[in-house]
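The lines below spell out each chain.
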Amino acid sequence: MVNCPLCDAVIDVDEEELDEGDSLICEECGANLAVSGVSPLELASEKEDKKDDDDDLDDDDDFDDDDDEVEEDEEKDEEY
C-alpha cells in the first residue's frame, strides 16, 4: 500500500505489478498519479510531472537553438 501524495489517502495497489511511469487514480481525491519510483514505491501527481517535463523541454530548446546559431556563425566565418 502507498499513500496519495496530495491527500494522503491510502491507495491499495499490488506494488510488484507497477512499473515506473504507470498511471493511477486516487479514489479519494481523484488525482491522476504517476509511479515515479518502484523501490520504494513513490507516486507523484501527473500534473506536476508534466509541468516539470515541459519546463525542462523549454529550457533545453532555448539552449539548443542558441548553440545552433553560434555553430552556423562560426561556419560562415571559416568560409570567408
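This is a predicted model, so every value here is computed, not measured.

Calculation rules
- Residues numbered from 1 in each chain as written.
- Predicted model: local features only at pLDDT ≥ 70, side-chain atom pairs only at ≥ 80, totals over all residues.
- Heavy atoms only, no water.
- Helix = DSSP H or I, 4+ residues; strand = E, 2+ residues; numbered from the N terminus.
- Buried < 20%, exposed > 50% of the residue type's maximum accessible area, 1.4 Å probe, protein only.
- Contact = heavy atoms within 4.5 Å.
- Pairing = 2+ DSSP bridges.
- Axes fitted to C-alpha atoms, helices over the stretch in contact; angles between N-to-C directions.
- Patch = residues over 30% accessible without salt bridge, like charges linked within 9 Å, V, L, I, M, F, W, Y side chains within 5 Å.
- Areas by Shrake-Rupley, 256 points an atom, 1.4 Å probe, with all protein chains shown as cover.
- Salt bridge = Lys/Arg side-chain N within 4 Å of Asp/Glu carboxyl O.
- Lys, Arg positive; Asp, Glu negative; His and termini not counted.
- Charge placed at Lys NZ, Arg CZ, Asp CG, Glu CD.
- Core = buried A, V, L, I, M, F, W, Y, C linked by side-chain atoms within 4.5 Å.

A. Representation of the overall build of the protein chain in the model. Helices and strands together make up the secondary structure of the protein chain, namely 1 helix and 5 strands. Ordering the α and β elements of the protein chain from the N terminus gives β-β-β-β-β-α. Split into buried and exposed, the 80 residues of the protein chain put 22% on the buried side. Taking as baseline every contact in the protein chain between residues at least 6 positions apart, the subset at least 24 positions apart corresponds to 19%.

B. View of the sheet that holds strand E3 (residues 23-25). Ordered by their spatial adjacency, 3 strands build an open sheet running E3-E4-E5, and the pairing between neighbours is antiparallel. In the strand order of this sheet, the two ends are held by E3 and strand E5 (41-45), each with one partner. Here the strands of the sheet are splayed against their neighbours by 40° on average, with no regard to which way each runs.

C. View of a negative patch on the surface. On the surface, Asp12, Asp14, Glu15, Glu16, Glu17, Glu27 and Glu28 cluster together to form a negatively charged patch. Assignment of secondary structure puts Glu15 in the loop between strand E2 (10-11) and E3.

D. The arrangement of the pairing of strand E4 (residues 32-38) in detail. Sheet topology places E3 next to E4; 3 bridges connect them, and they run antiparallel. Bridged to Leu24 within E4 is Leu33. Connecting the antiparallel pair E3 and E4 is a turn made up of 6 residues, with Gly30 showing a positive phi of about 80°. Across 5 bridges, E4 lies against E5 in antiparallel orientation.

E. Seen up close, the side chain of Ser45. One can find Ser45 in strand E5. Sequence-distant contacts of Ser45, that is, excluding residues within four places in its chain, are made with Pro5, Leu6, Asn32 and Leu33.

F. Quick look at the nonpolar core. If you look at the biggest cluster of nonpolar residues, it comprises 13 residues, and the most contacted ones within it are Ile11, Val13, Leu33 and Leu43. Secondary structure elements with two or more residues in this core: E4 and E5. Each residue touching Leu43, except ones within four places of it in the same chain, is listed here: Val2, Asn3, Pro5, Ile11, Leu24, Leu33, Ala34, Val35 and Ser36.

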